[in-house]
Amino acid sequence: MGGRTDGSGGGGKEKEEEQDGLSVHSPCKALPSSASSLSKEQSQVELELRLLEALEIYPPVKLRGIHRHFVLYGLMEYLGRSFDRPFTADQVLQLLDRFYNIEMLKSDDEDIDILNHEEDFTLPQSYFDKEEE
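Cut-offs used in this document
- Residues numbered from 1 in each chain as written.
- Predicted model: local features only at pLDDT ≥ 70, side-chain atom pairs only at ≥ 80, totals over all residues.
- Heavy atoms only, no water.
- Core = buried A, V, L, I, M, F, W, Y, C linked by side-chain atoms within 4.5 Å.
- Buried < 20%, exposed > 50% of the residue type's maximum accessible area, 1.4 Å probe, protein only.
- Helix = DSSP H or I, 4+ residues; strand = E, 2+ residues; numbered from the N terminus.
- Contact = heavy atoms within 4.5 Å.
- Patch = residues over 30% accessible without salt bridge, like charges linked within 9 Å, V, L, I, M, F, W, Y side chains within 5 Å.
- Areas by Shrake-Rupley, 256 points an atom, 1.4 Å probe, with all protein chains shown as cover.
- Salt bridge = Lys/Arg side-chain N within 4 Å of Asp/Glu carboxyl O.
- Phe/Tyr/Trp six-rings, centres within 6.5 Å; stacked < 30°, edge-to-face > 60°.

*Asks:* Help me out: how do you make sense of the nonpolar core in this one?
*Replies:* The nonpolar side chains of a soluble globular protein tend to be buried, and buried together. One finds Leu51, Leu75, Leu79, Val92 and Leu96 to be the most contacted residues of the largest nonpolar core, which totals 15 residues. Put simply, the parts of the chain that give this core at least two residues each are helix H2 (35–57), helix H3 (68–83) and helix H4 (89–99). Take this core: its biggest share by element is 5 residues, from H3. With near-sequence residues (within four places) excluded, leucine 79 lies in contact with Leu47, Arg50, Leu51, Arg85, Phe87, Val92 and Leu95.

Take a look at the structure:
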């Protein structure tokens with residue numbers, strides 16, 4: 001009847017597929033040619049995770065204001081300490097570009113004009129009128 005066979009008829013294929021307790025088709029065994037791409041992918045994921053951690057301290061919304069250089073420097077320092085190697089501002093901006101539209105964060109010329117605009121301060125006339133009474 002249709003039972004289990006203990007003969008060597010089907011056992012050769014099983015031994016071929018299983019080596020060291022893992023199937024040849026197991027996802028746990030990476031192909032040797034893809035080992036370097038796997039490590040690159042892991043380091044890229046680690047880099048992105050560290051960047052997201054740094055963004056908790058240095059929010060990207062401040063990259064638009066007058067503090068943008070300080071925030072960018074803080075991100076560079078955080079990543080540099082995390083990976084024990086220096087990062088340039090361009091590298092950090094490239095990383096940020098994966099998550100945010102960096103073009104939207106660039107300052108407009110209007111912002112510079114507003115910051116450079118000087119106006120003499122004067123108290124309103126109503127202040128002086130109240131004082132005379």
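On we go.
*Asks:* I keep staring at a nonpolar patch on the surface and nothing clicks. Help me out?
*Replies:* A contiguous nonpolar surface patch, about 410 Å² in accessible area, is contributed by Val45, Leu49, Leu52, Phe99 and Tyr100. If you tally residues by element for the nonpolar patch, the top one is H2, at 3 residues. The partly exposed category is assigned to phenylalanine 99, whose relative accessible area is 35%.

*Asks:* How do you make sense of the packing of aromatic side chains when you look at a structure like this?
*Replies:* Each aromatic ring pair is described using two quantities: the centre-to-centre distance and the angle formed by the ring planes. As enumerated under the stated definition, the model contains 2 aromatic pairs in all. Pairing tyrosine 127 with phenylalanine 128 gives two aromatic rings, centres 5.7 Å apart and planes at 75 degrees, and the pair type is edge-to-face. Given a relative accessible area of 42%, tyrosine 127 falls into the partly exposed group. The class of phenylalanine 128 is partly exposed, set by a relative accessible area of 37%.

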